[in-house]
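# Survey of secondary and tertiary structure
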Amino acid sequence: MGDGWRTVDVARAAGVSVQAVRLYAGHGVLGDVPRSPNGYRAWTARHADLALAYRALAAGYGGDVARRVLRAVHAGDLRDAFAALDAQHAAWHAERERLDRLERALAELAEDDRDAGAVAAGASDGTTMTVGEVADALGVRTSALRVWEDAGLLHPARDPRTGHRRYSDADVRDARAVQLLRSTGALLDAIRPVVDALRAHADVAALRAAVDRRRDVLDAVARARVAGLARLHGVLPPP
């Protein structure tokens, strides 16, 4: 078609509405759009390529990042554009690492459950441990156990005579779960539903399945990001 594209031509090439093209231009992702002598926008094939690049980047990185990247490209600040992309890659890589740690933690919990036998199913042999004994067994401070209890993650019973905390086998398992999940970087609010699920079902299979589903999401987004980067490469100035 060459130069002299109309707004509708850009919209058709990018697979969006005419209004979307106008919004893209208003957001600054299409760069400069000169005016013809009669006052109409003088679109070019490059604007269609930029619209396609924006759509692809937004699918993988979100609209905010896509706008920042393309605005930086138009401003000649490729370093800022690349920094915005790198920050996203770092954040998602960190999530992958957290998922890896969580999976290892869940594998340890599953092993604990197998070793514990009936305890993993919620039974108890009647023995209990003090807060100090649990702390020593897990390698944490007693203050950490109290913080987790205050957050509603642990519910040790109290000795009716002394008022001291007494941890059953199930309580120790819950404390172990909290410790492992904390090691993944999870916040206490995020740990609560996990521990509740473990307490209710004594089974980590559903939680491991959730990790797998999240990994599938990350993989799908990574594929979208590759597509976005390919489109971006096509509109970058030569080195």
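Up top you'll find the structure we're talking about.
Report follows, based on the coordinates. (Residues numbered from 1 in each chain as written. Predicted model: local features only at pLDDT ≥ 70, side-chain atom pairs only at ≥ 80, totals over all residues. Heavy atoms only, no water.)

### A look at the pattern of salt bridges
- Considering all chains together, one arrives at 12 salt bridges under this definition.
- Across the salt bridge formed by E95 and R214, the nearest N and O atoms sit 2.6 Å from each other. Placement of the pair is E95 in helix α5 (residues 78-116) and R214 in helix α10 (residues 205-235), with a sequence separation of 119 residues.
- Here R214 falls in the partly exposed class, since its relative accessible area comes to 30%.
- One salt bridge connects R192 with D189, and the closest N-O pair in it is separated by 3.3 Å. One end of the pair, R192, and the other, D189, are both in helix α9 (residues 188-201), 3 residues apart, so they sit about a helical turn from each other.
- When its relative accessible area of 60% is taken as the criterion, D189 is described as exposed.
- Here the salt bridges do not stand alone but share partners, grouping D100, E103, D212 and R215 into one network. (Salt bridge = Lys/Arg side-chain N within 4 Å of Asp/Glu carboxyl O. Helix = DSSP H or I, 4+ residues; strand = E, 2+ residues; numbered from the N terminus. Buried < 20%, exposed > 50% of the residue type's maximum accessible area, 1.4 Å probe, protein only.)

### Observations regarding helix α7 (residues 142-150)
- The complete set of buried residues in α7 reads L145, W148 and E149. For α7, the angular spread of the buried residues around the axis is 100°, confining them to a single face.
- Where α7 ends, the next residue or the one after it, G152, has phi of about 85°, a positive value. (Arc of directions from axis to C-beta.)

### A few points about the packing of helix α3 (residues 45-61) against α10
- Where α3 contacts α10, the two axes come as close as 7 Å, and the packing angle between them is 155°. The angle between α3 and α10 places the two elements in the roughly antiparallel class. Seen from above, α3 lies across α10 with left-handed handedness. Mapping the contact onto sequence places R46, D49, L50, L52, A53, A56, L57, A59, G60 and Y61 in α3 and V221, A224, R225, A227, G228, L229, R231, L232 and V235 in α10.
- Here the contact of α3 with α10 is built from residues that sort into 13 nonpolar, 2 polar and 4 charged. (Axes fitted to C-alpha atoms, helices over the stretch in contact; angles between N-to-C directions. Parallel < 35°, antiparallel > 145°, perpendicular 65-115°, else oblique. Left-handed = near helix turned anticlockwise from the far one by under 90°. Contact = heavy atoms within 4.5 Å. Nonpolar A, V, L, I, M, F, W, Y, C, P; charged D, E, K, R; others polar.)

Spatial relationships are all this shows, so hold off on functional conclusions.
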